[in-house]
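The residues making up each chain are set out below.
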Amino acid sequence: MTDFSYQLYSSRNFPPLSDTLKMVAAAGYRQVEGYGGLYGSDEAIETLRAGLGETGLAMPTSHFSYELVRDEPRRAIEIAKALDVKAVLVPFIGDHDRDAAAWAQFGRDLAEAGKPIQDAGFQFGWHNHAFEFADLGGEDKPLDLILGGSEDVRLELDIAWAEVAGERALDWVAKYADRMIAVHLKDIAPAGTAEDEDGWADVGHGVLDWAAIIEATANTRAEYFVIEHDNPSDDKRFATRSIAAANAL
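Residues numbered from 1 in each chain as written. Predicted model: local features only at pLDDT ≥ 70, side-chain atom pairs only at ≥ 80, totals over all residues. Heavy atoms only, no water.

Looking at this model, I keep getting lost on the sheet that holds strand E5 (residues 123-127). Mind explaining?
As a general point, the strands of a sheet are linked pairwise by backbone hydrogen bonds and lie either parallel or antiparallel. On the basis of which strands lie adjacent, the closed barrel formed by 8 strands has the order E1-E2-E3-E4-E5-E6-E7-E10 and parallel pairing. Strand-to-strand twist across the sheet, computed as the mean angle between neighbouring axes with direction ignored, equals 30°. Bridge count for strand E1 (residues 4-7) against strand E2 (residues 31-34) is 3 bridges, and the pairing is parallel. Note on E2: the bridge partner recorded for Ser5 is Gln31. Taken strand by strand, helix H10 (residues 235-248) contacts E1 and strand E10 (224-227), and its axis lies near 160° from that of E1. (Pairing = 2+ DSSP bridges. Helix = DSSP H or I, 4+ residues; strand = E, 2+ residues; numbered from the N terminus. Axes fitted to C-alpha atoms, helices over the stretch in contact; angles between N-to-C directions. Contact = heavy atoms within 4.5 Å.)

See below:
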């Protein structure tokens, strides 16, 4: 397994970014994962690039909006090159109310949008939330149809969102073992707790079976293992406790 990454989205409510990068490096991370909100201007990108250099952190994966990848692929490539990103991942699409045919079409559109990214030498993939597991009345879920657009589109599987959707995440790990490029390691708090953190928990301090998850994901093609919390009340606590738990597995 490679070094654990830290999804910088986890610290979006705890500026400045320079302090976040120092905190993450001090906690023992060697890698981070970026997200679209960090790329609003050339100045912001340069600030991030400089911060990575100062802390010695690498950023092999990053989330890019579908709209940027589709409409401004050259800009997406420019950003990825500036930050030495290896894998461009699209994490979201706003219109979730789609039937099977519409999801299949989106899968084809996503694959087409990713071609310039792949031609430039980057890996390209999709990151799931919960809506990709909706019941469409057939065997296929939206995630199947999205990935059905092209075998060249990889998957960053968010374990916790699959579980929130009522799925057994390890079934999806097994199903797409050969398509996975990354895994989001995020934990779920016991029911009725952590309401101020939207029901999420520090990795290893919630209800998910991380020993089984790590064992299963280590036997896939996943190269990156990204620790995330969508709304921690204390990002330093989350970062330090989570990597300690992950390293102990």
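Which parts of the structure should I look at to understand the packing of helix H2 (residues 42-55) against helix H4 (residues 73-82)?
What describes two packed helices is the angle between their axes and the distance between those same axes. At a minimum axis separation of 10 Å, H2 and H4 run at an interaxial angle of 25°. By the criterion of interaxial angle, the relationship of H2 to H4 is roughly parallel. From H2, Asp42, Ile45 and Arg49 reach across to H4, where they touch Arg75, Ile79 and Ala82. Residues that form the contact of H2 with H4 fall into these classes: 3 nonpolar, no polar and 3 charged. (Parallel < 35°, antiparallel > 145°, perpendicular 65-115°, else oblique. Nonpolar A, V, L, I, M, F, W, Y, C, P; charged D, E, K, R; others polar.)

Any chance you could explain helix H9 (residues 210-218) here in plain terms?
For an α-helix the count is 3.6 residues per turn, leaving residues at separations of three or four pointing the same way. Taken together, the buried positions of H9 are occupied by Trp210, Ile213, Ile214 and Thr217. The buried residues of H9 occupy one face: seen down the axis, they fall within an arc of 95°. If you follow the buried residues of H9, they end up packed against helix H7 (159-164), helix H8 (169-175), strand E7 (180-185), strand E8 (187-188) and E10. (Buried < 20%, exposed > 50% of the residue type's maximum accessible area, 1.4 Å probe, protein only. Arc of directions from axis to C-beta.)

I would appreciate a short explanation of the packing of aromatic side chains in the present structure.
Any pair of aromatic rings gets described here by the distance separating the centres and the angle formed by the planes. With the rule as written, the count across this model stands at 12 aromatic pairs. Geometrically, the ring pair formed by Tyr6 and Tyr29 is edge-to-face, given 5.3 Å between the ring centres and 65° between the ring planes. In this pair, Tyr6 is assigned in strand E1 and Tyr29 in the loop between helix H1 (17-27) and E2, connecting sequence segments 23 residues apart. Like Tyr29, Tyr6 is buried. Joined through ring pairs, the aromatic side chains of Tyr66, Phe92, Trp103, Phe106, Trp126 and Phe131 make up one cluster. (Phe/Tyr/Trp six-rings, centres within 6.5 Å; stacked < 30°, edge-to-face > 60°.)

I'm lost on H1 in this one. Help?
Listing the buried residues of H1 in full gives Thr20, Leu21, Met23, Val24 and Ala27. Viewed end-on, H1 has its buried residues packed into an arc of 165°, placing them on one side of the element. Each element contacted by the buried residues of H1 is listed here: E1, E2, H2 and H10. One or two residues past the end of H1 sits Gly28, with phi positive at roughly 110°.

Whenever I open this one, the pairing of E5 confuses me. Can you help?
Every regular strand shows the same layout, with side chains that alternate between the two sheet faces. Burial analysis of E5 places 4 of its 5 residues in the buried class, which makes it a mostly covered element. For strand E4 (residues 87-90) and E5, the ladder comprises 4 bridges, and the chain directions are parallel. Directly across from Val90, in E5, lies its bridge partner Trp126. Handedness of the crossover joining E4 and E5 through helix H5 (residues 100-119): right-handed. Of the strand pairs in this sheet, E5 and strand E6 (residues 154-158) are connected by 3 bridges, and their pairing is parallel. Its bridge partner lying in E6, Trp126 is registered against Leu155. Considered for its hand, the β-α-β crossover made up of E5, helix H6 (residues 142-147) and E6 is right-handed. (Right-handed = clockwise from strand over helix to strand, strands pointing away.)

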